[in-house]
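# Per-entry structural report
Here are the chains, one letter per residue:
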Amino acid sequence: MRPARALIDLDALRSNFRLARELGGGRKTLAAVKADAYGHGAVACARALEGEADAFGVACIEEALELRQAGIAAPILLLEGFFDADELPLIVQHNLWFAVAAPWQVDAVAAFQTDATLQIWLKLDSGMHRLGLSPDDFRTAHARLSALPQVAPMVLMSHMSRADELDSPRTREQAATFASAIDGLAGETSLCNSPALLGWPKVRSDWVRPGLMLYGANPLQAHNAFTERLRPVMTMQSKIFATREIAAGEPVGYGARFVAERPTRVGVVALGYADGYPQFAPNGTPVQIDGQPGHLIGRVSMDMLTVDLTDLPQAGVGSTVTLWGESPRLDVLAPLCNVSAYQLPCAVKRVARELIGG
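Throughout what follows, the structure given in this document is the object of discussion.

### Remarks on the packing of helix 7 (residues 135–146) against helix 8 (residues 170–182)
Remark: helix 7 packs on helix 8, axes separated minimally by 9 Å, with the N-to-C direction vectors making an angle of 35°. Helix-helix and strand crossings are classified by hand; for helix 7 and helix 8 the assignment is right-handed. Where helix 7 approaches helix 8, its residues Pro135, Phe138 and Arg139 are matched on the opposing element by Thr177, Ser180, Ala181 and Ile182. Of the residues in the contact of helix 7 with helix 8, the class split is four nonpolar, two polar and one charged.

### Examining unusual backbone geometry
Note the cis peptide between Ser327 and Pro328, where omega equals -5°. Structurally, Pro328 is set in the loop between strand 17 (320–324) and helix 10 (330–336). Despite not being glycine, Asn95 has its phi angle at roughly 55°, a positive value. Within the element layout of this structure, Asn95 appears in the loop between helix 5 (88–93) and strand 5 (97–100).

### Quick look at helix 3 (residues 42–49)
When you tally the buried positions in helix 3, you get seven out of eight residues, the bulk of the element. In this structure, the buried side of helix 3 is in contact with helix 1 (10–23), strand 2 (28–32), helix 2 (34–39), strand 3 (55–58), helix 4 (61–69) and strand 18 (352–356).

### Quick look at the side chain of Ser158
Relative to the helices and strands, Ser158 is located in the loop between strand 7 (155–157) and helix 8. When sequence neighbours within four positions are dropped, the list of residues in contact with Ser158 reads Leu124, Asp125, Ser126, Phe178, Ser190, Leu191 and Arg209.

### Brief notes about the pairing of strand 2
In terms of burial, strand 2 is largely enclosed, as four of its five residues are buried. Of the pairings in the sheet, the one linking strand 2 to strand 9 (residues 207–208) comprises two bridges and is parallel in character. Bridging across to strand 9, Lys28 finds its partner in Trp207. Examined bridge by bridge, strand 2 and strand 3 share three bridges and lie parallel to one another. Along strand 3, the bridge assignment pairs Ala32 with Gly57.

### Considerations on helix 8
Here helix 8 is 13 residues long and its end C-alpha atoms lie 18 Å apart, about the 18 Å a rise of 1.5 Å per residue gives. Where helix 8 is concerned, the buried positions are Thr171, Gln174, Ala175, Phe178, Ala181 and Ile182. Looking straight down helix 8, one finds its buried side chains confined to an arc of 130°; they lie on one side. Facing away from the buried side of helix 8, by more than 90 degrees, are the exposed residues Arg172 and Ser180.

### What to know about the side chain of Gln174
Topologically, Gln174 is positioned in helix 8. Judged by relative accessible area, Gln174 falls into the buried class, the value being 1%.

Parameters at a glance
- Residues numbered from 1 in each chain as written.
- Predicted model: local features only at pLDDT ≥ 70, side-chain atom pairs only at ≥ 80, totals over all residues.
- Heavy atoms only, no water.
- Axes fitted to C-alpha atoms, helices over the stretch in contact; angles between N-to-C directions.
- Helix = DSSP H or I, 4+ residues; strand = E, 2+ residues; numbered from the N terminus.
- Left-handed = near helix turned anticlockwise from the far one by under 90°.
- Contact = heavy atoms within 4.5 Å.
- Nonpolar A, V, L, I, M, F, W, Y, C, P; charged D, E, K, R; others polar.
- Buried < 20%, exposed > 50% of the residue type's maximum accessible area, 1.4 Å probe, protein only.
- Pairing = 2+ DSSP bridges.
- Expected span 1.5 Å × (residues − 1).
- Arc of directions from axis to C-beta.

Shown next, in the form of structure tokens:
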């Protein structure tokens, strides 16, 4: 069997969730498990948190149905709402919550006849300009939806666009826009994503929505005492399955991007860009080889990559190579490869997940 595997530490996931709840002041906490829990396995992660999370957040109804079919009974929020009014009967059937972020969605809810109670999260565009109603439309929608007998008291939400930048005024501006737009309106609030929780203690809401931080990556541009408490949930590993000796002046891999400056011992690892590892990770990108520091040499191939074993005489065929986890951490690896710490685990494919930590 191919030795590439992703170890998913469920104890670390729970630890990160508890940190998010702590930073939110013990408020209601929605765990974002969209995109297959950022590549970590939505069903396994939801099961691990089901006794603790107040709700789960997914991107679309397909993701919600996967959780329901796996027996997840906790509330599930469709963070992007519905994409067609035809989804509303399924939403009712499976007792899902959903965001309303556009005038056409307001119209669809108003036209939908049901005896069920609809739990809506009404979304304001406070300055990200992606999804959400303008402040004027928001207040109009709130009045219109509140008057419908099938609509329960709504949660009022928005999303921060630059909370990862602690020197940007945009977060305070968005928080002020949100406060103004909801002034006098009934409903709980939801404003805080991972970077807001970790970096903006004065920005808080009734519901907090941690995402990336649940999986142990730091969403901020710097570290603080809270980000240091995050524990990586995914450890990506594989093994060396071939070695070779090359002379000084000889290249390794496509494009001869690496040329040996000394006699070099090369290890070939069973993992490549088709598995989610960055194709253009540079020479010198850190890895661990049997727990010792090592580094990448040569261009990453579809199914393989190569590492330098010259200074690790005990390493060879069968040695374990850690691509990310406790070391190197995702938020260290990602900038070296000009990608995001959000992107890397989401891109993991063809790699067997192995659950640890119960």
